[in-house]
Amino acid sequence: MRVLVIGSGAREHALLLALRKDPKVTGLAIAPGNAGTARLADQHDVDVASAEDVVALAREVRADLVVIGPEVPLVLGVADAVRAAGIACFGPSRDAARIEGSKAFAKEVMAAAGVRTATSETVDTPAVLDAALDRFGPPAGDPAWVVKDDRLAAGKGVVVTSDRDVARSHAAGLLESGHPVLLESYLDGPEVSLFCVVDGPTVVPLLPAQDFKRVGDGDAGPNTGGMGAYAPLPWLPGDVYSEMVDHIVKPVAAELVRRGCPFTGLLYAGLAITAKGPAVVEFNCRFGDPETQAVLALLESPLGQLLYAAATGTLADFGEPRWRDGAAVTVVLAAENYPGRPRVGDVIAGAEAEGVLHAGTARRADGEIVSSGGRVLSVVGTGDDLTAARAAAYGVLRSIRLPGSHFRRDIALAAAEGRIHL
Ligand code: GLY
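Figured I'd write up the structure that's included with this text. (Residues numbered from 1 in each chain as written. Predicted model: local features only at pLDDT ≥ 70, side-chain atom pairs only at ≥ 80, totals over all residues. Heavy atoms only, no water.)

### With respect to a negative patch on the surface
- A surface patch of like charges, here negative, comprises Glu-300, Asp-325, Asp-384 and Asp-385.
- Topologically, Asp-384 is positioned in the loop between strand S22 (375–383) and helix H12 (386–397).
- Note on Asp-384: relative accessible area 74%, which makes it exposed. (Patch = residues over 30% accessible without salt bridge, like charges linked within 9 Å, V, L, I, M, F, W, Y side chains within 5 Å. Areas by Shrake-Rupley, 256 points an atom, 1.4 Å probe, with all protein chains shown as cover. Salt bridge = Lys/Arg side-chain N within 4 Å of Asp/Glu carboxyl O. Lys, Arg positive; Asp, Glu negative; His and termini not counted. Charge placed at Lys NZ, Arg CZ, Asp CG, Glu CD. Helix = DSSP H or I, 4+ residues; strand = E, 2+ residues; numbered from the N terminus. Buried < 20%, exposed > 50% of the residue type's maximum accessible area, 1.4 Å probe, protein only.)

Set out below in structure tokens:
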């Protein structure tokens, strides 16, 4: 089976590593990729938001399966075009991808499926902002305001704050640039990223993971695309995991079928375990980054065959995925000033070590690997438990040099020390 992966992050690097282990995968291509993925697959420079270009490339590399990583091509309908060309595609249709691309659609689907989620309100004019802020956040009962850019924003459009001025200024800034704002009630409790491979009504859950969205240790500073992750979650009881699968993801998958837009691909439920049980923070229509780097490091089942089964309507026959024992931790090395405008173009030393997945990297004409984005590398460590996996990841990070770069030092620390309680 020849597989074409679309995307350029550490998530796609992790997908390639796992696909390469599948004995049925005989060829790998990626577009556009990065300096790390170029070592694993034939790399092609195409505009991944162009359905025409992706289909042309899939034909050129004679792909049997196309796996689309990022949300933007999915929301634009690239998976529909690949399928229309007669090529199997792991990724939802444009209509099903609205579960991520349209917050209003996601709320409608969740309401119809009877799934617990935050209450929300869309504000599209400054005139009603203050009254809306008064209806959300303290003292109305919530400990914080949640203010979201109502577009795809790579995780960086969200501000969660107990400071009304900060909430107001983020919302007003978005409104001034003509973008609607979503205010949500705050869901209090530890967060879980639950990835499920979905083919219409069939749902195959993967190991639960947790990511770290804030830039600094102790969850300080602004939100990012994700600074680290770990899997599995030793503090998550089995019955809560089953509740998330059976009472949240399965009803949403069934509701999408009912609406005539069955989901094929990776349905990602971002959940908070509140005092009332799990509740949905958001749904995404693709693998999460950086959780994928940790989850796939533990997968023993053949990933190519799993994704092909979902893409061809035979997922129900695949069975449950197998996992290696132990834990995986990934820590993101970010460029100076990230999540603001990152410093780029610096030479990275140690970027080719084992366990180092690439995101914002490029190979310069002289052969050096240089930084080219905000999240530069994702270092993955595995071990018998989270303590061992942390030690492995942070050990590799010590050997990497990138001027001005930064990373969190507390990824998976609270879980490793047994400090997360429901
Ligand atoms: N881990 C957050 C995301 O992928 O959106």
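Let us keep going from here.
### Regarding the nonpolar core
- Counting residues in each nonpolar core, the largest one holds 81 residues, and the members touching the most others are Val-66, Tyr-230 and Val-252.
- No other element matches helix H9 (residues 238–258), which puts 8 residues into this core.
- Contacts of Val-66, omitting those with residues within four sequence positions, involve Leu-4, Ile-6, Ala-58, Val-82, Ile-87, Ala-88, Cys-89 and Phe-90.
- Judged by nonpolar contacts, the second largest core, of 44 residues, contains Ala-14, Ala-18, Leu-207 and Ala-209. (Core = buried A, V, L, I, M, F, W, Y, C linked by side-chain atoms within 4.5 Å. Contact = heavy atoms within 4.5 Å.)

### Focus on the sheet that holds strand S15 (residues 228–231)
- As summarised here, the arrangement of the 5 strands in space is S12-S15-S18-S22-S19, forming an open sheet in which the pairing is antiparallel. Both outer strands of the open sheet, strand S12 (210–211) and strand S19 (356–358), are each paired with one neighbouring strand and no more.
- Here S12 pairs with S15 via 2 bridges, running antiparallel. The residue of S15 that forms the bridge with Gln-210 is Tyr-230.
- The strands touched by helix H1 (residues 10–20) are S19 and S22; relative to S19, the strand with the most contacts, the crossing angle is about 120 degrees. (Pairing = 2+ DSSP bridges. Axes fitted to C-alpha atoms, helices over the stretch in contact; angles between N-to-C directions.)

### Considering the layout of surface pockets
- The space that makes up the second largest pocket amounts to roughly 520 Å³.
- In terms of lining, the second largest pocket is formed by 22 residues, of which the most central are Leu-17, Glu-354, Gly-355, Val-356 and Leu-357.
- Contributing elements (two or more residues each) for the lining of the second largest pocket: H1, helix H10 (291–297), S19 and S22.
- Ranked by residue count, the leading element in the lining of the second largest pocket is H1, at 5 residues.
- Residue composition of the lining of the second largest pocket, grouped by class: 10 nonpolar, 6 polar and 6 charged. (1 Å grid on protein atoms, 1.4 Å probe; cavity = no way out; pocket = protein on both sides within 12 Å on 5 of 7 lines; lining within 4 Å. Points joined across faces, edges and corners; volume = space filled by probe spheres on them. Nonpolar A, V, L, I, M, F, W, Y, C, P; charged D, E, K, R; others polar.)

### Observations concerning the side chain of Glu-71
- By the secondary structure assignment, Glu-71 is in helix H3 (residues 71–75).
- Among the residues examined, Glu-71 registers a relative accessible area of 11% and is labelled buried.
- One polar contact links Glu-71 to Arg-286, side chain to side chain, over a distance of 3.3 Å. (Polar contact = N/O pair within 3.5 Å; in protein donor to acceptor, adjacent residues only side chain to side chain.)

### Side note on the packing of aromatic side chains
- Following the criterion strictly, the structure yields 5 aromatic pairs and no others.
- Where Phe-212 meets Tyr-230, the ring centres are 6.1 Å apart and the plane angle is 45 degrees; that geometry is what we call tilted. Residue Phe-212 is located in the loop between S12 and strand S13 (214–216), and its partner Tyr-230 is located in strand S15; the two are separated by 18 residues in the primary sequence. An identical accessibility class is assigned to Phe-212 and Tyr-230; each is buried.
- Taking the ring centre of Phe-105 as reference, the NZ or CZ of Arg-98 above it sits at 4.0 Å.
- Lying over the aromatic face of Phe-407, Arg-409 brings its terminal NZ or CZ to 4.3 Å of the ring centre. (Phe/Tyr/Trp six-rings, centres within 6.5 Å; stacked < 30°, edge-to-face > 60°. Lys NZ or Arg CZ within 6 Å of the ring centre and 35° of its normal.)

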